[in-house]
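# Architecture and fold: a report
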Amino acid sequence: MSKPRVAILISGRGSNMTALLEAAARPGYPATVALVLSNKAEAAGLERANAAGIPTAVVASKGRTRAEFEAELTATLAQNRIEILALAGFMRVLTAEFVAIWTGRMLNIHPSLLPAFPGLDTHARALAAGVRLHGCTVHLVTPGVDEGPIVAQSAVPVLAGDTESTLAARVLEQEHRLYPAALAWLAAGQVRLEGARAVVAANLAAGALANPLPQFAPLRRDEQTP
Ligand code: GRF
């Protein structure tokens with residue numbers, strides 16, 4: 001059986017795109033990346049995709065209505081016979097009409113453990129909230145931003161002394177592990193929708209990738225509270 005054809009949609013540097021391209025280049029990966037598409041001509045990820053020999057396209061979003069943008073997007077995806085979309089730092093909200101066409105076939109990666117911290121500035125908000133665990137989520141896309149059924153998550157510890165950038169780097173490392181796994185599961189037909197939840201085949205550890213816990217040094221006796 002032929003592998004599903006995937007388009008990766010980006011707006012920027014494309015490090016998740018690179019992780020997906022590297023995974024898809026391995027033998028046995030169950031999807032083909034047939035297109036990298038950006039809504040910004042200057043997205044650095046486009047050069048990386050070109051260097052990897054993957055077809056690229058730019059569909060400009062600036063200065064156009066959503067309808068105009070999405071009409072060209074749909075036409076470009078159809079021309080390239082795309083079956084699955086992977087949003088990877090794609091900074092354009094898609095309409096409910098467009099999302100409906102791709103129900104169950106469009107993934108996004110978000111840098112938090114959803115449903116905590118949807119939207120922007122997730123690492124700063126996690127630090128401000130004092131959470132002990134943070135991470136990333138791959139989810140199916142629904143019209144509500146960062147609200148779709150969760151396919152996979154990976155958690156990282158928040159360490160004393162973390163800054164936004166140290167925390168972002170720890171999460172990004174997990175994003176690059178998680179997204180190729182989640183896309184492979186979807187492409188291989190291992191993800192199914194059950195109401196508002198995405199269910200991942202039981203032999204795939206239910207979609208969780210956990211980071212090893214940090215070393216825990218017990219308090220010395222004189223530091224312990226009674
Ligand atoms: C990632 O943190 C991703 O979770 C978020 O946007 C960022 C994109 O980074 N949606 P990159 O372009 O993949 O490097």
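Fair warning: this is a prediction, and the values are worked out from it, not measured in the lab.

### Quick look at the pairing of strand E5 (residues 106-110)
Most of E5 sits inside the fold, with five of its five residues counted as buried. Summarising the sheet, strand E4 (residues 84-87) and E5 pair through three bridges and their orientation is parallel. In the sheet register, Leu-85 faces E5, and the bridge partner there is Met-106. Handedness of the β-α-β unit built from E4, helix H4 (residues 96-101) and E5 comes out right-handed. When E5 meets strand E6 (residues 133-140), the two strands line up antiparallel, connected through four bridges. Across the sheet, residue His-110 finds its bridge partner in E6, namely Thr-137.

### Topic: the site of the ligand
Inspection of the region around the ligand gives Arg-13, Gly-14, Ser-15, Asn-16, Gly-89, Ile-109, His-110, Pro-111 and Glu-175 as its neighbouring residues. Within the backbone of Gly-14, an N or O atom sits 2.8 Å from an oxygen atom of the ligand. A distance of 2.8 Å separates an oxygen atom of the ligand from a polar atom in the backbone of Asn-16. Here the ligand has 360 Å² of accessible area as a free molecule, and 84% of this is covered by the chains. Contributions of two or more residues to the shell around the ligand are made by helix H1 (15-24) and E5. When its residues are assigned to classes, the shell around the ligand shows two nonpolar, five polar and two charged. Each of domain 1 (1-102) and domain 2 (109-212) accounts for three or more of the residues forming the shell around the ligand.

What counts and what doesn't
Residues numbered from 1 in each chain as written. Predicted model: local features only at pLDDT ≥ 70, side-chain atom pairs only at ≥ 80, totals over all residues. Heavy atoms only, no water. Buried < 20%, exposed > 50% of the residue type's maximum accessible area, 1.4 Å probe, protein only. Helix = DSSP H or I, 4+ residues; strand = E, 2+ residues; numbered from the N terminus. Pairing = 2+ DSSP bridges. Right-handed = clockwise from strand over helix to strand, strands pointing away. Near = heavy atom within 4 Å. Polar contact = N/O pair within 3.5 Å; in protein donor to acceptor, adjacent residues only side chain to side chain. Areas by Shrake-Rupley, 256 points an atom, 1.4 Å probe, with all protein chains shown as cover. Nonpolar A, V, L, I, M, F, W, Y, C, P; charged D, E, K, R; others polar. Domains from an automatic or database assignment.

Read these as geometric descriptors, not functional statements.
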